[in-house]
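If you want the building blocks of each chain, they are given just below.
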Amino acid sequence: MGRYLIRRLLTGLFTLWGLGTVLFVLLRYFPGGPFDDEVALRPEIRALLEEKYHIHEAGFQAYLRYWSQVLQGDFGTSLHYAEQSVSRVIASGFQATLALSLSGLIAALVFGLLWGTLPHLSYLWSRPARAFSQLGLSLPTLFLGPLLLWLLCFRFEVFPIRVDGSVFSYVLPVFLIAFRPSMTLGRLLDVRLRHIRREDYIRTLEALGSHPRRLIWRWSLKNALPVYVGSVPGLAAGLLSGSLLVETLFSIQGLGFQFTQSLLNRDWTLALGLTLFFGVLLIGFQIVADAVLMWLDPRVKIQ
Amino acid sequence: MRPLVLKIYTAMILLLGLASFALWAGMTPMTRLDLVLAAPSWAHPFGTDSLGRDLLVRVLQGLFLSWAVGLTAAVVSLAIGTVLGFWAGYVKGAVDSTLMRLMEIMSSVPQLVFVTLLVLFFRPWAEVNSLSRVLFLALAIALVHWMTFARLTRTLVLQVSNEPFIEGALAIGATPLRIFWTHVRPHVWPLLRQGFFANLPSFLLFEGFLSFLGFGLQPPDVSLGTLLQEGWKSFSVAPHLLLAPGLVLFATLFYFQLAFAPNEETQGRLGVNRGRREDLA
């Protein structure tokens, strides 16, 4: 397992290097520089700006310089925010996004467990629960977000419309981030549990008169859990990008917000830094989840 | 759901599609400044927008453009994914590992970066008319979303490629193209088709997501994404601007959920519901 993880780590690093290189080349040679939209920029000022930010340096030299900086933890200077290093922007946005995504992840896992097991726990609830999940899966955050904002924050004023740092104001954003992932998770779990219920050991227990609730919680869920854990990295990735929309909706100044702003402002150094940062997180998540999966079920062989 | 109900629902969705096409092709809703932001009424079932234009017409037009982008993107990415997936699974070796690495790189970033870059790159060609804008946006979406189909095709091709009938075909000198079309395709297609329909809604959603954030279509083009953005910005004044496009989007997605959701056996293999795109919007 140790050897496997080391190999995973190395391919992860290789992937990151490839990602950085591809994006660096694309960003450098694509039309639309950061100073192109400026209305009246005198040529000499423009030249000064470009020299300051090393826009015209020869390609390979700039590439080497960028990597040597990145390896020292310096992602360069933002091209939009005056005198702000990319690392500073990331550090300032990371807290909000981390809080949001982490609580979103936990909420998604808990509610996923609920949606997944509810159809199996009681006969009465199974059909309404499944119908609800069908409806929920077709409700995009794109619509649900503004809808809830209008209903709960504006119409009935249950929640504050802006996130002001209190725990209460975070309820709606976290719910929105977690809603769809929890629905997909619940569905995965539901399907898996349906398979497990047909297995011999469950049917034997059922015949012996085991209580349905005990059957689920004690005997079925253990075997369904690997599916659940296996979907966490994808989920974490989804949460990171899902926070993009929610941060825009609630104007939370997190990484997702900075990311969309950087793309809209053509702030390429910030966009590149954020992308690399996201890449590190996603690949890290993947490796951790694989390790947990192998620990849970030693039979699993991941190539 | 009962088949009859589903058929009626299908007919309704098709009719909506036809209507929206007719409207997109032939009608521009009139600007009427005496009817600005009117609430829904019999004359204007969805109300009117900030320029007094009938919202029903605009939503149908938006539905059509969203469909145009989503469907084109899905078809193109299916084509790219199938070709690359077959190539990787059939040739194996260096081609396979290079393509797999590429896919890994592409799926470890928020796809928004690539899409934005591509949209910028295509801009000179896209800014001709509405049609070209739609096509190039669809192309940009397809170029970041082919991995699902490529992965699926590759897995399926790898399963088939060791079968004796492939070996036999090779022995009598069949070209790769022939092997793909007559021997591999029948094995790959049923699952691939399911994967296509199961992933279709997420393409539609991705267009909405892009347009909502301001990276996709922009006014004067109307899509469900731009309409939702408009509705979001003005729900405090006129909630029907948000509700109308939202409910239409919801109805469309719900139909897909009922009609094309993968069944238990194939769900895991199709790469659907693995997070990412699906959860994005």
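Residues numbered from 1 in each chain as written. Chains lettered and ligands numbered in written order. Predicted model: local features only at pLDDT ≥ 70, side-chain atom pairs only at ≥ 80, totals over all residues. Heavy atoms only, no water.

**Structural notes on the confidence of the model for chain B**
All names here are of chain B.
Turning to step 1, where the next piece is worked out: Here chain B averages 81 in pLDDT, while 89% of its residues score no lower than 70.
Turning to step 2, where the next piece is worked out: Within chain B, the lowest mean pLDDT, 38, falls on helix H12 (residues 277-280), and the highest, 90, falls on helix H9 (residues 224-233).
Turning to step 3, where the next piece is worked out: Low pLDDT (under 50) marks residues 271-281, which in the prediction has 48 contacts with non-local residues, meaning those over four places away or in another chain.
Turning to step 4, where the next piece is worked out: Model confidence for the complex: the whole-complex pTM is 0.84, and ipTM, which rates the interface, is 0.82. (pLDDT = per-residue confidence, 0-100. Helix = DSSP H or I, 4+ residues; strand = E, 2+ residues; numbered from the N terminus. Contact = heavy atoms within 4.5 Å.)

**Considerations on the nonpolar core**
Soluble globular proteins tend to bury their nonpolar side chains together.
Turning to step 1, where the next piece is worked out: Ranked by size, the top nonpolar core spans 148 residues in total, and within it Phe250 and Phe259 of chain A together with Leu112, Ile141, Val184 and Leu210 of chain B carry the most contacts.
Turning to step 2, where the next piece is worked out: With 16 residues, the top contributor of residues to this core is helix H8 (residues 176-213) of chain B.
Turning to step 3, where the next piece is worked out: Setting aside its immediate chain neighbours within four residues, Val184 of chain B contacts Phe86, Val157, Ile166 and Ile179 of chain B. (Core = buried A, V, L, I, M, F, W, Y, C linked by side-chain atoms within 4.5 Å. Buried < 20%, exposed > 50% of the residue type's maximum accessible area, 1.4 Å probe, protein only.)

**So, the packing of helix H4 (residues 86-121) of chain A against helix H7 (residues 171-197) of chain A**
Residue and element names in this part refer to chain A.
Turning to step 1, where the next piece is worked out: Relative to each other, H4 and H7 sit at 35°, their axes nearing to 6 Å. As H4 packs across H7, the resulting crossing turns out to be right-handed.
Turning to step 2, where the next piece is worked out: Per-class residue counts for the contact of H4 with H7 are 17 nonpolar, 8 polar and 3 charged. (Axes fitted to C-alpha atoms, helices over the stretch in contact; angles between N-to-C directions. Left-handed = near helix turned anticlockwise from the far one by under 90°. Nonpolar A, V, L, I, M, F, W, Y, C, P; charged D, E, K, R; others polar.)

**Here's the deal with the packing of aromatic side chains**
Residues and elements named next belong to chain B.
Turning to step 1, where the next piece is worked out: As enumerated under the stated definition, the model contains 19 aromatic pairs over all chains in all.
Turning to step 2, where the next piece is worked out: Where Phe122 meets Phe136, the ring centres are 5.2 Å apart and the plane angle is 45°; that geometry is what we call tilted. Note that Phe122 is positioned in helix H4 (residues 112-126) and Phe136 in helix H5 (residues 130-145), a separation of 14 residues in sequence.
Turning to step 3, where the next piece is worked out: Taken together, a centroid distance of 5.7 Å and an interplanar angle of 80° make the contact between Tyr255 and Phe256 edge-to-face.
Turning to step 4, where the next piece is worked out: For Tyr255, a relative accessible area of 8% translates into the label buried.
Turning to step 5, where the next piece is worked out: Look at Phe256 and you get buried, because its relative accessible area is 8%.
Turning to step 6, where the next piece is worked out: Taken together, the ring pairs in this structure connect Phe86, Tyr90, Phe180 and Trp181 into an aromatic cluster. (Phe/Tyr/Trp six-rings, centres within 6.5 Å; stacked < 30°, edge-to-face > 60°.)

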